[in-house]
Amino acid sequence: MQPNIDEALRYLGIRSDPENTIRRQMTLLADEISSQIKPRFLWRMMPLTRSDDGILLGDILLTGQSAERMLHSCQRCAVLTCTLGIEFDTLVRRMQMRDMSSAVMLDTLGSAYVEAACDEAEEEIRSRCPGMYLTDRFSPGYGDLPLAIQPQLLDLCGGQRIGVTVTPSLLMIPQKSVTALIGVSDSPQMARIRGCAHCSMNQSCTLRKAGKTCAV
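Residue positions within a chain follow its written sequence, with the count starting from 1. Local features in this predicted model are restricted to residues whose pLDDT is 70 or higher, and side-chain atom pairs enter the listing and the counts only when it is 80 or higher, whereas totals over whole chains, interfaces and linings include all residues. The basis for every side-chain value is the complete set of heavy atoms in the structure, and neither hydrogens nor water enter the calculation.

A. Up close: the overall build of the protein chain. Of the regular secondary structure elements, the protein chain holds seven helices and eight strands. Remark: exposure states derive from per-residue accessible area (1.4 Å probe, protein chains only) relative to the maximum for the residue type, with buried under 20%, exposed over 50%, and partly exposed in between. Taking all 216 residues of the protein chain together, 43% fall into the buried category. Here a residue-residue contact requires only that any non-hydrogen atoms of the pair lie within 4.5 Å. Sequence separation of at least 24 residues holds for 73% of the intrachain contacts in the protein chain that already meet a minimum separation of 6. Carbon and sulfur atoms provide 53% of the accessible area of the protein chain, an area that totals close to 11,300 Å². Put simply, DSSP H or I for four residues or longer makes a helix, DSSP E for two residues or longer makes a strand, and each gets a number counted from the N terminus. Only the protein chains shown count as cover for residues, and the accessible areas themselves come from Shrake-Rupley with a 1.4 Å probe.

B. Quick look at the pattern of salt bridges. Any carboxyl oxygen of Asp or Glu that lies within 4 Å of a side-chain nitrogen of Lys or Arg is treated as forming a salt bridge with it. This model, assessed by the stated rule, comprises seven salt bridges. The closest approach of N and O atoms between R137 and D119, which form a salt bridge, is 3.0 Å. Of this pair, R137 sits in the loop between strand 5 (133–134) and helix 6 (150–157) while D119 sits in helix 5 (residues 100–127), and the two are 18 residues apart along the sequence. Using a relative accessible area of 15% as the deciding quantity, one classes R137 as buried. The partner of E123 in a salt bridge is R126, and the shortest N-O contact between them spans 3.4 Å. One end of the pair, E123, and the other, R126, are both in helix 5, three residues apart, so they sit about a helical turn from each other.

C. Expanded view of helix 6. Among all positions in helix 6, only Q150, L153, L154, L156 and C157 are buried. Looking straight down helix 6, one finds that the buried residues subtend no more than 160° of arc, so they occupy a single side. Once helix 6 finishes, G158 follows within two positions and takes phi at roughly 70°, a positive value. In this description, one arc is meant: the one made by directions from the helix axis to the C-beta atoms.

D. Inspection of the sheet that holds strand 5 at higher detail. Pairing between strands is defined by DSSP: at least two bridges between them are needed. Taking strand neighbours across the sheet as the criterion, the six strands line up as 3-2-1-4-8-5 in an open arrangement whose pairing is antiparallel. Since the sheet does not close on itself, it has two edges, and those belong to strand 3 (60–62) and strand 5, each with one partner. Bridge count between strand 4 (residues 76–83) and strand 8 (residues 177–185): eight bridges; the pairing is antiparallel. Across the sheet, R76 pairs through a bridge with V184, a residue of strand 8. Fitted lines through C-alpha atoms serve as axes, helices being fitted only where they are in contact, and the angles separating the N-to-C directions of these axes extend from 0 to 180 degrees. Packing against the sheet, helix 6 makes contact with strand 1 (40–51), strand 2 (54–57), strand 3, strand 4 and strand 8, and its axis sits at approximately 95° to strand 4.

E. Geometry of the packing of helix 2 (residues 21–36) against helix 4 (residues 86–98). Put simply, helix 2 and helix 4 touch, their axes get as near as 11 Å, and they point 140° apart. On the basis of the axis angle, helix 2 is oblique to helix 4. Handedness of the helix 2/helix 4 crossing: right-handed. Touching L29, E32, I33 and Q36 of helix 2 are F88, L91 and M95, all from helix 4. Polar here means any residue outside two lists: the nonpolar Ala, Val, Leu, Ile, Met, Phe, Trp, Tyr, Cys and Pro, and the charged Asp, Glu, Lys and Arg; Gly therefore counts as polar. Tallied by class, residues from the contact of helix 2 with helix 4 come to five nonpolar, one polar and one charged. Roughly parallel means an angle under 35 degrees; roughly antiparallel means over 145; roughly perpendicular covers 65 to 115; every other angle is labelled oblique. Handedness of a crossing is defined here by the sense of rotation of the near helix relative to the far one, left-handed for an anticlockwise turn of less than a right angle and right-handed for a clockwise turn.

See the structure below:
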């Protein structure tokens, strides 16, 4: 597994690299990351129940329209935690002391790398659910799903076992860490997050204004 260079370039807002100078540098950095950093993830499958106040994931109440829209036809939900570990944070700090521009590239590659690891975790979940259909992966902060449930989701899937914690201000440590939900249904699920029409930044996105997209 390696960071997706194209995705990292999009994160940087790179519109033109005619001589591939930046791409070559990022490719070298991606090789460095993948040789030193091994992403870790954990997930747990949980039943979903309904109440008058919202959807219940175990004892966690998922309030708001976003959770309802994503999970309305789902019977179960996978809770996922993924991280690059404190080792990546250390790597970025060391790079910042040597070369700030490379450190910025390294940080964006880390974002792409943790997403690649989440994709791998999602494929594992899919393989454990034959004949079922998965929703898009979504995290606290998506739509009106509150960030405040982040610590509860982390506890639910035991994210502390791979070194992930949440600060009182709801920042995740290590920095490149993710919690996410993936609904599991016995009926096909439409893509609700991928694509400009479903993005909350579709009016302000610089990529879209340039005639490009980050959609996969």
